[in-house]
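Now for the letters of each chain:
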Amino acid sequence: MNISQAVAFRILELCKEKKITVNRLSTISAVTQSTVNDIVNNKSKNIGIATIKKLCDGLEISITDFFDTPYFRELEQEIY
């Protein structure tokens, strides 16, 4: 799993926990629907921390809570 996939999985997991759709998340976080869809569909490979912060604000969680999962703890180093 790479970081983009981990972010996508985490967003989908949190939406499920909060019982909201990805489209609802885009509305409450003030991130365009196309951006959120690109992230969760792995079309966006370079997701900015400002975007993740907005999504966290919409989800009412901290950035620390967002990244504090095995998805991110178990990532291997990406070398391009």
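Here, every reference points to the structure presented above.
Basis of the calculations
Residues numbered from 1 in each chain as written. Predicted model: local features only at pLDDT ≥ 70, side-chain atom pairs only at ≥ 80, totals over all residues. Heavy atoms only, no water. Phe/Tyr/Trp six-rings, centres within 6.5 Å; stacked < 30°, edge-to-face > 60°. Buried < 20%, exposed > 50% of the residue type's maximum accessible area, 1.4 Å probe, protein only. Axes fitted to C-alpha atoms, helices over the stretch in contact; angles between N-to-C directions. Helix = DSSP H or I, 4+ residues; strand = E, 2+ residues; numbered from the N terminus. Parallel < 35°, antiparallel > 145°, perpendicular 65-115°, else oblique. Contact = heavy atoms within 4.5 Å. Nonpolar A, V, L, I, M, F, W, Y, C, P; charged D, E, K, R; others polar.

Comments concerning the packing of aromatic side chains
(1) Moving on: Within this structure, the stated rule accounts for 4 aromatic pairs.
(2) Moving on: Each ring, one from F66 and one from F72, has its centre 5.8 Å from the other, and the planes form 40 degrees; the classification is tilted. Considered together, F66 and F72 belong to a single accessibility category, that of buried residues.
(3) Moving on: Considering the side-chain rings of F67 and F72, the 4.8 Å spacing of their centres and the 75 degrees angle between planes classify their relative orientation as edge-to-face.

Description of the packing of helix α2 (residues 22-29) against helix α4 (residues 49-59)
(1) Moving on: Running from N to C, α2 and α4 point in directions that differ by 100 degrees, and their axes come no closer than 8 Å. Judged on the interaxial angle alone, α4 and α2 are roughly perpendicular. Contact with α2, carried on its side by L25, I28 and S29, involves K54, L55, G58 and L59 of α4 and no other residues of that element.
(2) Moving on: Looking at the contact of α2 with α4, its residues break down into 4 nonpolar, 2 polar and 1 charged.

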